[in-house]
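# Tertiary structure, described
Okay, here's what each chain looks like letter by letter:
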Amino acid sequence: MALLQLRNTTLRYGAEPLLDGVDFQIDAGERVCLIGRNGAGKTSLMRILTGEESPSDGELIRPPGTVVTRLEQEVPRELKGRVEDVIRDGLSKERHEEDWESDYRLAMLAEEMGLPVEAEFTSLSGGLKRRVLLARALAGLPDVLLLDEPTNHLDLDSILWLEKFLLEHELTLFFVTHDRAFLRRLGTRIVELDRGNLTSWACDYDTFLIRKAAALDAETKQWAAFDKKLAQEEAWIRQGVKARRTRDEGRVTALKKLRVERGQRREREGKARMEVQEGTLSGQKVIQVKGVNFSYGDEPIVCDLTTTIWRGDKIGIIGPNGSGKTTLLRLLLGRLEPQSGEVKTGTALQVVYLDQLRDQIDGNKTVAQNVAGNSETVVFQGRDRNIHSYLQDFLFRSDRIRMPAKLLSGGERNRLLLARLFLQPANVLVLDEPTNDLDAETLELLEELLIDYAGTLLLVSHDREFLDHVVTSTLVFEGDGRVLEYTGGYEDWLRQRKAAIAALAAQSVVKEAPRGKSERPRKFLNREQRELDEMPNLIEQLEIDHASIMERLAAPETYQGDPALAPRLKAELAALEARTQQTFARWEELEAIRAACEGS
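This section reports on the structure supplied with the text. Here the structure is a predicted model, which means the values were calculated and not measured.

Looking now at the packing of aromatic side chains. Counting across every chain of the model gives eleven aromatic pairs. On the basis of an interplanar angle of 45° and a centroid distance of 5.5 Å, the ring pair of F24 and F174 is categorised as tilted. Of the two residues, F24 is situated in strand β2 (residues 19-27) and F174 in strand β7 (residues 173-176); the sequence distance between them amounts to 150 residues. Across the pair, F174 and F24 agree in class, each one buried. Their ring planes at 25° and their centres at 5.0 Å tell us that W161 and F165 sit as a pair that is stacked. Residue W161 and its partner F165 are located together in helix α5 (residues 156-168), separated by four residues, close to a single helical turn. Taking the relative accessible area as the measure of exposure, F165 reaches 3% and is therefore buried.

Turning our eyes to something else, we now look at the side chain of Q288. The residue Q288 is located in strand β10 (residues 285-296) in this model. You can call Q288 buried: its relative accessible area is 18%.

Quick look at the pairing of strand β20 (residues 483-487) now. Along any regular strand the residues' side chains alternate between the sheet's two faces. Judged from the five bridges that link them, strand β19 (residues 473-477) and β20 form a sheet pairing that is antiparallel. Its bridge partner being in β20, V476 is matched across the sheet by L484. What sits between β19 and β20 in their antiparallel hairpin is a turn of five residues, with G479 showing a positive phi close to 100°.

Strand order across the open sheet formed by three strands is β2-β1-β4, with antiparallel pairing between neighbours. Every interior strand has two partners, whereas the edge strands, β2 and β4 (57-61), have only one. Averaged over all pairs of adjacent strands, the angle between their axes in this sheet comes to 5°, without regard to strand direction.

What counts as what
- Counting restarts for each chain: residues are numbered from 1 in the order of the written sequence.
- Where totals are concerned, whole chains, interfaces and linings use all residues; where local detail is concerned, this predicted model gives features only for residues with pLDDT of at least 70, and gives and counts side-chain atom pairs only at 80 or more.
- With hydrogens and water set aside, each side-chain value is computed from the structure's full complement of heavy atoms.
- Stacked, tilted and edge-to-face pairs are distinguished by plane angle, under 30 degrees for stacked and over 60 for edge-to-face with tilted covering the rest, among Phe, Tyr and Trp rings (Trp via its six-membered ring) whose centres lie within 6.5 Å.
- Only DSSP runs of H or I reaching four residues or more are called helices, and only runs of E reaching two or more are called strands; each is numbered from the N terminus.
- The buried label applies to any residue whose accessible area, calculated with a 1.4 Å probe on protein chains only, is under 20% of its type's maximum; exposed applies above 50%, and partly exposed to all values in between.
- Note on pairing: two strands pair once DSSP finds at least 2 bridges between them.
- Note on method: axes are straight lines fitted to C-alpha atoms, helices fitted across the in-contact stretch only, with angles between N-to-C directions ranging 0 to 180 degrees.

Given below as structure tokens:
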């Protein structure tokens, strides 16, 4: 049964329509994910489905009594009042309930979602505010729930809770998300908005990627054949029609139709071509942290953290909202003094920082002015580039480059900030939630860029797949100020977490337990001493191997012969860097054991 249906619907703001005569429907029980480029019109389509916006042409068909609610992409700044009142504001007039029924239902909903009903909405964290707004959307008992980037600003625990909640309640969903893990778990159908057309793909996301690539390849071949035929007919008409035979007149008419069809073609937007302007080589040791402690009042944020970040490390930082991830970044960068312990930053660091709030964008300035000021050029990789050409690499069309930045979508604002930041030479990239609002293609390109980035990366993200693909290790807030280090990304952390916390707890018990008279202090073993003595030579050999591979990757002949050689060398380099990191970690571990043995 169709709960919502669009017939021959068009939405036009400028020359090219966002929706171009589309037909579409959502059936009961479906969980449909809408994907498309930033600025393609996804939010506008949602506003049409809720009745907040009217199409330029066509119609929306909704059976009488059907309730549709939407969780917006951003938290409304003007929203105030008690949490209970905010939720109650979502009750629908279409649902005829007694007051006691709605009171009981809303109380149960708030309890299930863990909401502080007496609290002031403005006092809540970003994640709790999003949860309250979801409760308000559910308060109306919607037949169809629309979710616009529901995982934005949520921490991992909240995202996992949301996935579980939506699956258990078997709601009919129409949602937009950049979180591929969220899409894979919830989506039962994918609908793509591309150049004004809606295409339905009844498959999972991985199958969609394969089928979409095949469709684009077929479109490219079809267009090539069409353009070849058009060129042949244009050459024929330029020779002049020697006789006005009926066949020739029909050929002229067909040529006119071909011209009209070619004029109506909407070209695909190109792929973004983002690059980081890499800085000079930093020192081998980028940041060294020894016994750092920091707290706000009686609340510990970081307790006894010791770690070393080496050049080329890609560190993911994971933790609940409000746990102190931004505070940790400021401590690591030397922008905040620890209350005890020591942080040493290395030599020749060039740090570029993308903050979570995107405050570096001035909404009243144009897109171009936010990047180049009043200049028409920028300097990138040592040469001048026209601002239009540079911004087109970040998928900004010419007609949007002179518009105020406040009119951009969330994803476009994010791309603009990346365009601005990547102009600065950097050997240390600090990215706080860089994936918010980015479309899938740009997100995957950013992934590739960061994987290939030769500098050091500090990354705060709740995007599980992004972490798994990019980072080599993680710093995770495990509660009570404990920040533990794990090798690998999100899935690796899940596998290692239980054992690491158990080991930490056992270590604490050993430290606190009084030593009995019969107990002897632990000795530093001979084999441990031999292993420690061999460490400098092992590190030196690893660095020699690293330099050798880097030299081969920089050589032009590497890319001129065997096409598999460069990828194979990159894989060897990644494995070598991982081994080097493990070796340094083992070195530090042995030094710590020896110091503990000597002090006991």
